[in-house]
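Take a look at the letters that make up each chain.
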Amino acid sequence: MPSTSPALDFDYVIVGAGTAGCLLANRLSADPTCRVLLVEAGGPDNYHWIHIPVGYLYCIGNPRTDWCYQTESEAGLGGRSLRYPRGRVLGGCSSINGMIYMRGQSRDYDGWAAFTGDPRWRWEHCLPRFLRHEDHWAGEDALHAAPGFDPTGRRAGGEWRVERQRLRWEILEAFAAAAQAGGIPATTDFNRGSNEGVGYFEVNQRAGWRWNAAKAFLHPVRGRANLQVWTHAVVERLHFGTDANGSLRCEGVGLVRQIPGQAREAIGVRAAREVLLCSGAVATPALLERSGVGQGERLSALGIDPVLELPGVGENLQDHLQLRMVYRVSGTSTLNTRAAHWWGKAGIALEYLLRRSGPMSMAPSQMGCFTRSSPGLAWPDLEYHVQPLSLEAFGKPLDGFNAFTASVCHLNPASRGSIHIRSAKADAAPLIQPNYLSTASDRSVAAQALRLTRRIVAQAPLTPFQPEEVRPGPQLQSEQDLQDAAGRIGTTIFHPVGTTRMGPAGDPGRVVDSELRVCGIARLRIVDAGVMPTITSGNTNAPVLMIAEHAAELIRGV
């Protein structure tokens, strides 16, 4: 059993030092009168593979940096269970993710504003929050920001570095040309409100190194006297009290901290102003449930005394399911064969050592493409991640032939899942049930996405490379064949959101209001991807930073 220490006092306690938590710690501790504690269950981000871009291969599935969650068996995926990585380290998922900088589409935020009734979530108001922390390689324009003196006095950019990728592949250039031949326009910027087009992704790197939230927002301010950062500190439950009128308020947290070389210590921490939950769409609902907030009947069955009935906790899970189509090619090099021998690996390492470029600087996906599954749609609803490599599944070895992978995901799935605890113990993995492809519309879009990929690959620019479909296989042609194939090859692209969603007054499924305050509990806010009512149309890391900027504004009253 851990020893017990007396309670400590802070103004703000931030639970989770991931993408949102690092930014909030930076913004709130900028006021020297505020005492801020940032609590992280994982360790420091001093593992070298965090910082080398290709190191995600060694961080995902590694308990040093990943919680190593698994989904339950998924009926829509033929009973398969999927790996469900979540960051377990300072920087959170920004330390192990694909580094892709993607805001989504303006309609995402306009939709949030309409749903919540709060116009502050409209794109026109969210854009300045993206710009507040952006450090864009191309400098400042109407939709991007960069640091440095600005004679207009408008803005000077921030800490979140966005760069071009430091490599090119012939087969990716050919895919982009094929997409254009198929009617998809070229683009050099996916972050201008509509991300339609094909081109290379921009990435969160600096000079060939991963740029995570800890580097950007936390490490530069670790010296502030009013900021403490605790690693290896697991928050087991929230502590509540009541006001004179009987209303609930959050007074702090109970945690267990492991300092290397010392005994585990149980600590109570008081928050004079607010507790801010930033642990993500998986861990935040789990902490609420362990603390008695959620579906009372479910909690009682686990031996937890219900404190507040909030049926939306853990519900509304949304994620992007990617369909990985693999094409064998000839007449060109891909990573499959370039990395097949020791001399190829040595050359790759030397290129990175000398120039911080080449395959070791690669994001998991290099080429992106946004388009419509049906011509009548007003906005792109499909995203491609295209890679000059192929493998049976993540974590498996590369195939022994030259190939590329075109992974396509539905940006706006109708399927909804859930995340709930299975035990009152903090170290028990949660029940993750995404319910992929559980609606007829999602299955229809999946089949159409596979057809569209075939149409792109059939265009003339790829003909010289003689592409041959390996997975799922050209023999699959009927609607039912393609829907079944989607279930066999589909896998998560690691974008869980929505499990503590915001909503308007009177909405029985909301967990937080439009200012991210937990309904029915004062001094408790959620600031992570769980608050999204609907998933953004693209990768989710950048939107979480924007949400954290807005939360900092709300908390500070600016």
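Parameters and conventions
Residues numbered from 1 in each chain as written. Predicted model: local features only at pLDDT ≥ 70, side-chain atom pairs only at ≥ 80, totals over all residues. Heavy atoms only, no water. Helix = DSSP H or I, 4+ residues; strand = E, 2+ residues; numbered from the N terminus. Rg over C-alpha atoms; globule rule 2.2 N^0.38 Å. Buried < 20%, exposed > 50% of the residue type's maximum accessible area, 1.4 Å probe, protein only. Contact = heavy atoms within 4.5 Å. Lys, Arg positive; Asp, Glu negative; His and termini not counted. Charge placed at Lys NZ, Arg CZ, Asp CG, Glu CD. Disulfide = S-S within 2.5 Å. Polar contact = N/O pair within 3.5 Å; in protein donor to acceptor, adjacent residues only side chain to side chain. Arc of directions from axis to C-beta. Phe/Tyr/Trp six-rings, centres within 6.5 Å; stacked < 30°, edge-to-face > 60°. Lys NZ or Arg CZ within 6 Å of the ring centre and 35° of its normal. Core = buried A, V, L, I, M, F, W, Y, C linked by side-chain atoms within 4.5 Å. Axes fitted to C-alpha atoms, helices over the stretch in contact; angles between N-to-C directions. Parallel < 35°, antiparallel > 145°, perpendicular 65-115°, else oblique. Nonpolar A, V, L, I, M, F, W, Y, C, P; charged D, E, K, R; others polar. Patch = residues over 30% accessible without salt bridge, like charges linked within 9 Å, V, L, I, M, F, W, Y side chains within 5 Å. Areas by Shrake-Rupley, 256 points an atom, 1.4 Å probe, with all protein chains shown as cover. Salt bridge = Lys/Arg side-chain N within 4 Å of Asp/Glu carboxyl O. Pairing = 2+ DSSP bridges.

A short note on the overall build of the protein
Part 1 of the argument: Assigned secondary structure in the protein consists of 14 helices and 25 strands.
Part 2 of the argument: Scaling as 2.2 N^0.38, a compact globule of 558 residues should have a C-alpha radius of gyration of about 24 Å, and the protein matches this with 23 Å.
Part 3 of the argument: Oriented by its inertia axes, the alpha-carbon framework of the protein measures out at about 75 × 50 × 50 Å.
Part 4 of the argument: Counting the 558 residues in the protein, one finds 61% classified as buried.
Part 5 of the argument: A fraction of 70% describes how many contacts in the protein between residues 6 or more apart in sequence connect residues 24 or more apart.
Part 6 of the argument: Taking the average place of the 56 positive charges on the side chains of the protein and the average place of its 53 negative ones, the gap between the two points comes to 4 Å.

Observations regarding the state of the cysteines
Here, disulfide denotes a covalent bond that connects the sulfur atoms of two cysteines.
Part 1 of the argument: Tallied over the full model, the rule gives 0 disulfides.
Part 2 of the argument: Free cysteine Cys-22: the closest other cysteine sulfur is in Cys-278, separated by 9.5 Å.
Part 3 of the argument: With no disulfide of its own, Cys-409 has Cys-369 as its nearest cysteine by sulfur position, at a separation of 11 Å.
Part 4 of the argument: The class of Cys-409 is buried, set by a relative accessible area of 1%.

Some words on the side chain of Thr-187
Part 1 of the argument: Along the chain, Thr-187 falls in the loop between α6 (170-181) and β7 (197-200).
Part 2 of the argument: In this structure the side chain of Thr-187 is engaged in a polar contact, spanning 3.1 Å, whose partner is the backbone oxygen of Asp-189.
Part 3 of the argument: Beyond its immediate chain neighbours, meaning those up to four positions away, Thr-187 contacts Glu-196, Gly-197, Val-198 and Gly-199.

Concerning helix α4 (residues 106-116)
Given 3.6 residues to a turn, an α-helix orients residues that are three or four positions apart in the same direction.
Part 1 of the argument: Looking at α4, one finds that the buried residues are Ser-106, Asp-108, Tyr-109, Trp-112, Ala-113 and Thr-116. Along the axis of α4, the buried positions cluster into a sector of 165 degrees, meaning they face one direction only.
Part 2 of the argument: Buried residues belonging to α4 abut α5 (123-133) and α14 (541-556).
Part 3 of the argument: Positive phi shows up at Gly-117, right after α4, with a value of about 80 degrees.

As for the packing of aromatic side chains
Part 1 of the argument: All chains considered together, the criterion is met by 16 aromatic pairs.
Part 2 of the argument: The interplanar angle of 45 degrees and the centroid separation of 6.3 Å between the aromatic rings of Trp-123 and Phe-130 together place this pair among those described as tilted.
Part 3 of the argument: Judged by centre distance (5.2 Å) and plane angle (55 degrees), the ring pair of Phe-190 and Phe-370 falls under tilted. Taken together, the residues Phe-190 in the loop between α6 and β7 and Phe-370 in strand β17 (residues 367-371) connect sequence positions 180 residues apart. Side by side, Phe-190 and Phe-370 carry an identical accessibility label, which is buried.
Part 4 of the argument: Among the aromatic side chains, those forming a connected cluster through ring pairs are Tyr-109, Trp-112, Trp-121, Trp-123 and Phe-130.
Part 5 of the argument: In this structure, Arg-88 packs its charged tip against the face of Trp-67, placed 4.0 Å from the ring centre.

Comments concerning the nonpolar core
Part 1 of the argument: Of all hydrophobic cores here, the largest spans 86 residues; its most connected members are Val-13, Leu-24, Leu-238, Val-275 and Leu-524.
Part 2 of the argument: Broken down by element, the residue count for this core peaks at 9 residues, all from α14.
Part 3 of the argument: Look past the residues within four positions of Leu-524 in its chain and what remains in contact with it is Leu-238, Phe-240, Cys-250, Val-275, Leu-277, Leu-288, Leu-516, Arg-517 and Val-518.
Part 4 of the argument: Of all hydrophobic cores here, the second largest spans 68 residues; its members include Leu-172, Ala-406, Ile-419 and Leu-476.

Details of the packing of α4 against α5
Part 1 of the argument: The N-to-C vectors of α4 and α5 enclose an angle of 120 degrees; their axes lie 8 Å apart at closest approach. In terms of orientation, α4 lies oblique with respect to α5. Side by side, α4 and α5 meet where Ser-106, Tyr-109 and Asp-110 of the first sit next to Trp-123, Cys-126 and Phe-130 of the second.
Part 2 of the argument: Classifying every residue of the contact of α4 with α5 gives 4 nonpolar, 1 polar and 1 charged.

Quick look at helix α13 (residues 479-489)
Part 1 of the argument: Taken together, the buried positions of α13 are Leu-482, Gln-483, Ala-485, Ala-486, Gly-487 and Ile-489.
Part 2 of the argument: Looking at the buried residues of α13, the elements they touch are β16 (321-328), α12 (440-457) and β23 (490-492).

A closer look at the environment of His-320
Part 1 of the argument: Residue placement: His-320 occurs in the loop between β15 (308-309) and β16.
Part 2 of the argument: Here the alpha-carbon distance between His-320 and Ser-537, two residues 217 residues apart in the chain, equals 9.3 Å.
Part 3 of the argument: Residues in contact with His-320, not counting those within four places in the same chain, are Cys-409, His-410, Leu-411, Pro-413, Thr-491, Thr-492, Ile-493, His-495, Ile-535, Thr-536 and Gly-538.
Part 4 of the argument: A polar atom in the side chain of His-320 sits 3.4 Å from the backbone oxygen of Thr-536.

Some words on a nonpolar patch on the surface
Part 1 of the argument: There is a patch of nonpolar side chains on the surface, built from Leu-57, Tyr-58 and Phe-394 and spanning about 270 Å² of accessible area.
Part 2 of the argument: Its relative accessible area of 32% is what places Phe-394 among the partly exposed residues.

Section: the pattern of salt bridges
Part 1 of the argument: All chains considered together, the criterion is met by 33 salt bridges.
Part 2 of the argument: Between Arg-161 and Asp-135 there is a salt bridge, and its shortest N-O distance comes to 2.9 Å. A residue pair is termed long-range when its members are at least 10 positions apart, and Arg-161 in strand β6 (residues 160-162) and Asp-135 in strand β5 (residues 134-136) qualify at 26 residues.
Part 3 of the argument: Residue class for Asp-135 comes out buried when judged on its relative accessible area of 5%.
Part 4 of the argument: Residues joined by salt bridges that share partners form a network here, namely Asp-118, Arg-120, Asp-513, Glu-515 and Arg-517.

Thoughts on the side chain of Gln-205
Part 1 of the argument: Tracing the sequence through the fold places Gln-205 in strand β8 (residues 205-206).
Part 2 of the argument: Owing to a relative accessible area of 1%, Gln-205 belongs among the buried residues under this scheme.
Part 3 of the argument: A distance of 3.1 Å separates a polar side-chain atom of Gln-205 from the backbone oxygen of Ser-361.
Part 4 of the argument: Beyond its immediate sequence surroundings of up to four residues, Gln-205 is in contact with Pro-53, Met-99, Arg-161, Glu-163, Arg-166, Arg-210, Trp-211, Ser-361 and Ala-363.

A few points about the pairing of strand β12 (residues 248-257)
Part 1 of the argument: Among the 10 residues of β12, 9 are classified as buried, and the element is accordingly described as predominantly covered.
Part 2 of the argument: Relative to β12, strand β11 (residues 233-242) is paired through 9 bridges, and the arrangement is antiparallel. From the neighbouring strand, Leu-238 faces β12, where its bridge partner is Val-253.
Part 3 of the argument: Two successive antiparallel strands, β11 and β12, enclose a turn made up of 5 residues, where Gly-246 displays a positive phi of approximately 90 degrees.

Some points on the environment of Pro-380
Part 1 of the argument: Within the secondary structure, Pro-380 is located in the loop between β17 and β18 (382-387).
Part 2 of the argument: Residues Pro-380 and Ala-414, spaced 34 residues apart in sequence, show a C-alpha to C-alpha distance of 15 Å.
Part 3 of the argument: Ignoring anything within four residues of it in the chain, the contact list for Pro-380 reads Gln-105, Arg-107, Ser-194, Asn-195, Glu-196, Phe-370, Thr-371, Arg-372, Leu-411 and Asn-412.

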